[in-house]
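Each chain is listed here by its residues.
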Amino acid sequence: MPRAEGVSAGEPERAVFMAEAIRLSLESVRSGAGGPFGAVVVRGGRIVASGCNRVTSTNDPTAHAEVVAIRAACHALSTFQLAGCDLYTSCEPCPMCLGAIYWARPDNVYYANTQRDAAEIGFDDQFIYQELAVPINQRRLPLRQMMRDEALAAFAEWTAKQDKIPY
């Protein structure tokens, strides 16, 4: 089997999974379903779920390929955490996807294109990274706290709940 460009010896299986994520990114572009992004979740050497960017076709700004793949994998595996899984994505995850990935807890994440590559075609997430570093009261998007005392009731019940499933 010829070695894929950028793949070192011993990584042919990973190359197959990344090639599928890249194929999905092309499929997303060609179908008009969304942006040029694809992702797969792998467990035990097989793809358990995949996702293409579906932002524009579903009118859902959270329907990035990684999030779509994570949702499908969690559904397929009947779990809310992806321990024992690897995520392959055609592009370095944006801040939202990175947050979702951390919550899903896969073992590894492999990516192809960089955040700089994405910025060069109009998908620039740098402003989000910059905003996260700004104090909450100085961000461009106003965040205003209200009714904290009332909302703390749910936290108190969660803390006291004996049969909760922590995550």
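Just above, that's the structure.
Remember, predicted model here, so these are calculated numbers, not experimental data.

Basis of the calculations
Residues numbered from 1 in each chain as written. Predicted model: local features only at pLDDT ≥ 70, side-chain atom pairs only at ≥ 80, totals over all residues. Heavy atoms only, no water. Helix = DSSP H or I, 4+ residues; strand = E, 2+ residues; numbered from the N terminus. Polar contact = N/O pair within 3.5 Å; in protein donor to acceptor, adjacent residues only side chain to side chain. Contact = heavy atoms within 4.5 Å. Buried < 20%, exposed > 50% of the residue type's maximum accessible area, 1.4 Å probe, protein only. Pairing = 2+ DSSP bridges. Axes fitted to C-alpha atoms, helices over the stretch in contact; angles between N-to-C directions. Parallel < 35°, antiparallel > 145°, perpendicular 65-115°, else oblique. Left-handed = near helix turned anticlockwise from the far one by under 90°. Right-handed = clockwise from strand over helix to strand, strands pointing away. Core = buried A, V, L, I, M, F, W, Y, C linked by side-chain atoms within 4.5 Å.

Turning to the side chain of Thr89, a few remarks are in order. Of note, Thr89 is situated in strand 3 (residues 85-91). Separated by 2.9 Å, the side chains of Thr89 and Glu66 make a polar contact. Excluding its chain neighbours within four sequence positions, the residues that come into contact with Thr89 are Met18, Ala21, Gly38, Ala39, Glu66, Val109, Tyr110, Tyr111 and Ala112.

Right, let's get into the pairing of strand 1 (residues 38-43). Among the six residues that make up strand 1, five are buried, leaving the element largely enclosed by the rest of the structure. Connecting strand 1 to the next strand, strand 2 (residues 46-52), in antiparallel fashion are two residues, including Gly44 with a positive phi near 60 degrees. When strand 1 meets strand 3, the two strands line up antiparallel, connected through five bridges. Pairing of Val40 across the sheet is with Tyr88, part of strand 3.

The next subject is the packing of helix 3 (residues 65-77) against helix 4 (residues 95-104). Helix 4 packs onto helix 3 with a crossing angle of 25 degrees between their chain directions and a minimal axis gap of 9 Å. Looking at the two axes, helix 3 sits roughly parallel to helix 4. Handedness of the helix 3/helix 4 crossing: left-handed. Across the interface between the two elements, Glu66, Val67 and Ile70 from helix 3 touch Met96, Cys97, Ala100, Ile101 and Ala104 from helix 4.

Glancing now at the pairing of strand 3. Of all seven residues that make up strand 3, seven are buried, and the element is covered over most of its length. Strand direction decides the pairing type here: strand 3 and strand 4 (residues 108-113), joined by five bridges, are parallel. Within strand 4, the residue paired with Cys91 across the bridge is Asn113. Of the crossover connections in this fold, the one passing from strand 3 over helix 4 to the parallel strand 4 is right-handed.

Here we take up the nonpolar core. Generally speaking, soluble globular proteins have nonpolar side chains that are buried together. Counting residues in hydrophobic clusters, the biggest one holds 17 residues, and the most contacted among them are Ala39, Val41, Ile70, Ala73, Leu82 and Leu87. The set of elements that each furnish at least two residues to this core consists of strand 1, strand 2, helix 3, strand 3 and helix 4. For this core, the leading source of residues is helix 3, giving five residues. Leu87 has contacts with Ala39, Val40, Val41, Glu66, Ile101, Asn108, Val109 and Tyr110, leaving out every residue within four places of it along the chain. Judged by nonpolar contacts, the second largest core, of eight residues, contains Phe17, Met18, Ala21 and Val40.

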